[in-house]
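# Remarks on the overall topology
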Amino acid sequence: MKKNLLAIIILALTVVNIALTAVLMIQVIKMNNTTIPVVTSVATHLNIIKGDSGEEQVASITLEDTDVREIAKQMKISLKVEEGGKQVHMVCDVSLLLNMNHEDYAKYSENFDVYETLIKDAISSVVSKHTESECKEDMDALKDEILKAIQNDVFNSEFVYKVAISEAVFG
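Computed from a predicted model, the values in this text were never measured in an experiment. (Residues numbered from 1 in each chain as written. Predicted model: local features only at pLDDT ≥ 70, side-chain atom pairs only at ≥ 80, totals over all residues. Heavy atoms only, no water.)

### Structural notes on the overall build of the protein chain
In terms of regular secondary structure, the protein chain is built from six helices and three strands. Walking the protein chain from its N terminus toward its C terminus, one meets helices and strands in the order α-α-β-β-α-α-α-α-β. For 171 residues, the compact-globule estimate of 2.2 N^0.38 gives 16 Å, and the protein chain exceeds it by more than 25% at 28 Å. Projected onto its principal axes, the C-alpha coordinates of the protein chain cover approximately 95 × 50 × 25 Å. Relative to its 171 residues, the protein chain shows a buried fraction of 28%. (Helix = DSSP H or I, 4+ residues; strand = E, 2+ residues; numbered from the N terminus. Rg over C-alpha atoms; globule rule 2.2 N^0.38 Å. Buried < 20%, exposed > 50% of the residue type's maximum accessible area, 1.4 Å probe, protein only.)

This is how it looks when you write it as structure tokens:
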């Protein structure tokens, strides 16, 4: 009799355990479904999602498909003044890498020199918002910001896929 009673108690506890586990899993799944969109949204805004379509596109463009256009030789840009600091300028060479296979390449490449003033203005407006230390610390982020400004404000196209800044001197 004691054996049967013990088996019934174990069976009852097992059924209760399964029921509580099911309730717990349902709650975890509900919470996960509400959390995933929030995390995805934050990650998208911070550009930390692996396999971003922009990165894949840049990786797939070969050197043969690239047209390099020099925009400015020794371009001088005034930087934002740091607290208690003096006015600093950045002097650099700027080139744009164009995707020759993009549908807008033919449209803009023939008269590319016409857009040079607009491109220089976009570069100046982005760089002048940053201090010398910000530019030195994260030049890649600065290039990305310039690229987005050129793509969105000047051409409204992504046929310009990379910005190259070389020989940057601060003083």
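### A few points about a nonpolar patch on the surface
A surface patch of nonpolar side chains, about 310 Å² in accessible area, is lined by L5, I9 and L13. Relative to the assigned elements, I9 resides in helix α1 (residues 2-46). For I9, a relative accessible area of 44% puts it in the partly exposed group. (Patch = residues over 30% accessible without salt bridge, like charges linked within 9 Å, V, L, I, M, F, W, Y side chains within 5 Å. Areas by Shrake-Rupley, 256 points an atom, 1.4 Å probe, with all protein chains shown as cover. Salt bridge = Lys/Arg side-chain N within 4 Å of Asp/Glu carboxyl O.)

### Quick look at the sheet that holds strand β3 (residues 160-170)
The strand order across the open sheet built from three strands is β1-β2-β3, with neighbouring strands paired in antiparallel fashion. Each edge of the sheet is formed by a strand with only one pairing partner; in this case those strands are β1 (66-78) and β3. For this sheet, the mean angle separating the axes of adjacent strands, direction not counted, is 20 degrees. Alignment of strand β2 (residues 89-99) against β3, held across eight bridges, turns out to be antiparallel. Within β3, the residue paired with D93 across the bridge is S166. On the sheet, helix α4 (residues 116-127) packs against β1 and β2 and is oriented at approximately 55 degrees with respect to β1. Most of the contacts of helix α6 (residues 139-155) go to β3, to which it runs at about 130 degrees, and overall it touches β2 and β3. (Pairing = 2+ DSSP bridges. Axes fitted to C-alpha atoms, helices over the stretch in contact; angles between N-to-C directions. Contact = heavy atoms within 4.5 Å.)

### Some remarks on α4
Here α4 spans 16 Å end to end across 12 residues, near enough to the 16 Å set by a 1.5 Å rise per residue. Every buried residue of α4 is accounted for by I119, A122, I123, V126 and V127. One face of α4 carries all of its buried residues, which in axial projection span an arc of 120 degrees. Turned more than 90 degrees away from the buried face of α4, the exposed residues are T117 and D121. (Expected span 1.5 Å × (residues − 1). Arc of directions from axis to C-beta.)

### A short note on the state of the cysteines
Tallied over the entire structure, the rule returns zero disulfides. Between C92, a free cysteine, and C135, which holds the nearest cysteine sulfur, the sulfur-to-sulfur gap is 9.1 Å. (Disulfide = S-S within 2.5 Å.)

### Notes on the packing of aromatic side chains
Across all of its chains, the model carries six aromatic pairs by this definition. Note on F112 and F155: the rings are 5.7 Å apart at their centroids and 15 degrees apart in plane angle, and the pair reads as stacked. Taken together, the residues span a long stretch of sequence, with F112 in the loop between α3 (105-109) and α4 and F155 in helix α6 at a distance of 43 residues. For the pair F112 and F155, one class covers both residues: buried. Of the aromatic side chains, those joined through ring pairs into one cluster are Y108, F112, Y115, F155 and F159. (Phe/Tyr/Trp six-rings, centres within 6.5 Å; stacked < 30°, edge-to-face > 60°.)

### Topic: the nonpolar core
L96, I119, I123, I146, I150 and F155 are the most contacted members of the largest nonpolar core, which has 31 residues in total. Of all the secondary structure elements, the ones that give two or more residues to this core are β1, β2, α3, α4, α6 and β3. (Core = buried A, V, L, I, M, F, W, Y, C linked by side-chain atoms within 4.5 Å.)

### Some words on α6
Taking 1.5 Å of rise per residue, 17 residues should cover 24 Å, and α6 covers 23 Å from first to last C-alpha, within 8% of that figure. Where α6 is buried, its residues contact β2, α3, α4, α5 (132-137) and β3. Once α6 finishes, N156 follows within two positions and takes phi at roughly 55 degrees, a positive value.

Distances and angles like these do not, on their own, reveal function.
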